[in-house]
Amino acid sequence: MRDTLVLNASFEPLSTVSLNRAVVLVLQDKAVVEQAHPELRMRGADVDIPVPRVIRLCRYVRVPFRRRAPWSRRGVLVRDQHRCAYCGRRATTVDHVVPRAQGGQDTWLNTVAACAEDNHRKANRTPEEAGMTLLRQPFEPTPADAMLLSLGQEEIAALPEWLAREAA
């Protein structure tokens, strides 16, 4: 099962947590279930609660303002939905548009998801030098977008309409 989305008391997306952590927060009355999986329930000797998909904290948590989502290889793969930016097949690696050997950096705008074959074929060249075209341009997601994208497309589709609209 995927992660559970945690909303602040003001309904702002805060983070994702494991299912176990989400259940503990609900059982400790620190959070309430905003949306649950339709058919799934967690049962114990004294407990019967729906399996949470989205929870909301009961108390507001002040979060320091973060202007940018931190760059990571996993983040690039998630942003590009594990699809190669050159051919559209399943991507397993991250490619630098301007290679590191030519001064390229590990940034959102300089990295794309790529399949191993295309990454190897491009090597230490720019896409133009290698005669390859990008199917889509890299972009920098906002911190909230990066967190929502980490849930995956199926989980985003199952979110409440008002929250899924922000992720789209």
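Here the structure is a predicted model, which is why all the values come from computation and not from measurement. (Residues numbered from 1 in each chain as written. Predicted model: local features only at pLDDT ≥ 70, side-chain atom pairs only at ≥ 80, totals over all residues. Heavy atoms only, no water.)

**Some thoughts on the packing of aromatic side chains**
Two measures describe an aromatic ring pair: the distance that separates the ring centres and the angle between the ring planes.
Piece 1. Overall, the coordinates contain zero aromatic pairs when judged by the stated rule.
Piece 2. The ring of Phe139 is capped by Arg79, whose NZ or CZ atom sits 5.5 Å from the centre of that ring. (Phe/Tyr/Trp six-rings, centres within 6.5 Å; stacked < 30°, edge-to-face > 60°. Lys NZ or Arg CZ within 6 Å of the ring centre and 35° of its normal.)

**Observations concerning unusual backbone geometry**
Glycine aside, residues mostly have negative phi, and peptide bonds are mostly found in the trans state.
Piece 1. The phi dihedral of His82 falls on the positive side, at around 55 degrees, and the residue is not glycine.
Piece 2. One non-glycine residue, Ala123, lies in positive phi territory at about 55 degrees.

**Section: the side chain of Asn110**
Piece 1. Its location among the elements puts Asn110 in the loop between strand 5 (93-96) and strand 6 (111-114).
Piece 2. A polar contact is formed between the side chain of Asn110 and the backbone nitrogen of Val98, at a distance of 2.8 Å. (Helix = DSSP H or I, 4+ residues; strand = E, 2+ residues; numbered from the N terminus. Polar contact = N/O pair within 3.5 Å; in protein donor to acceptor, adjacent residues only side chain to side chain.)

**Here's the deal with the environment of Arg68**
Piece 1. In this structure, Arg68 sits in the loop between strand 4 (48-57) and helix 2 (73-79).
Piece 2. As for Arg68 and Ala144, which are separated by 76 residues in sequence, their C-alpha atoms are 9.5 Å apart.
Piece 3. Residues within four places of Arg68 in sequence aside, it is in contact with Glu140 and Pro143.
Piece 4. Separated by 3.0 Å, the side chains of Arg68 and Glu140 make a polar contact. (Contact = heavy atoms within 4.5 Å.)

**So, the sheet that holds strand 3 (residues 31-43)**
Piece 1. Ordered by their spatial adjacency, four strands build an open sheet running 2-1-4-3, and the pairing between neighbours is mixed. Unpaired on one side and paired on the other, strand 2 (13-17) and strand 3 mark the two borders of the sheet. Here the average twist between neighbouring strands, direction ignored, is 35 degrees.
Piece 2. The pairing of strand 1 (residues 4-7) with strand 4 spans three bridges and is classified as parallel. When the sheet's bridge partners are listed, Leu7 is paired in strand 4 with Arg56.
Piece 3. The sheet strands contacting helix 1 (residues 19-27) are strand 1, strand 2, strand 3 and strand 4, and the helix crosses strand 4 at an angle near 90 degrees. (Pairing = 2+ DSSP bridges. Axes fitted to C-alpha atoms, helices over the stretch in contact; angles between N-to-C directions.)

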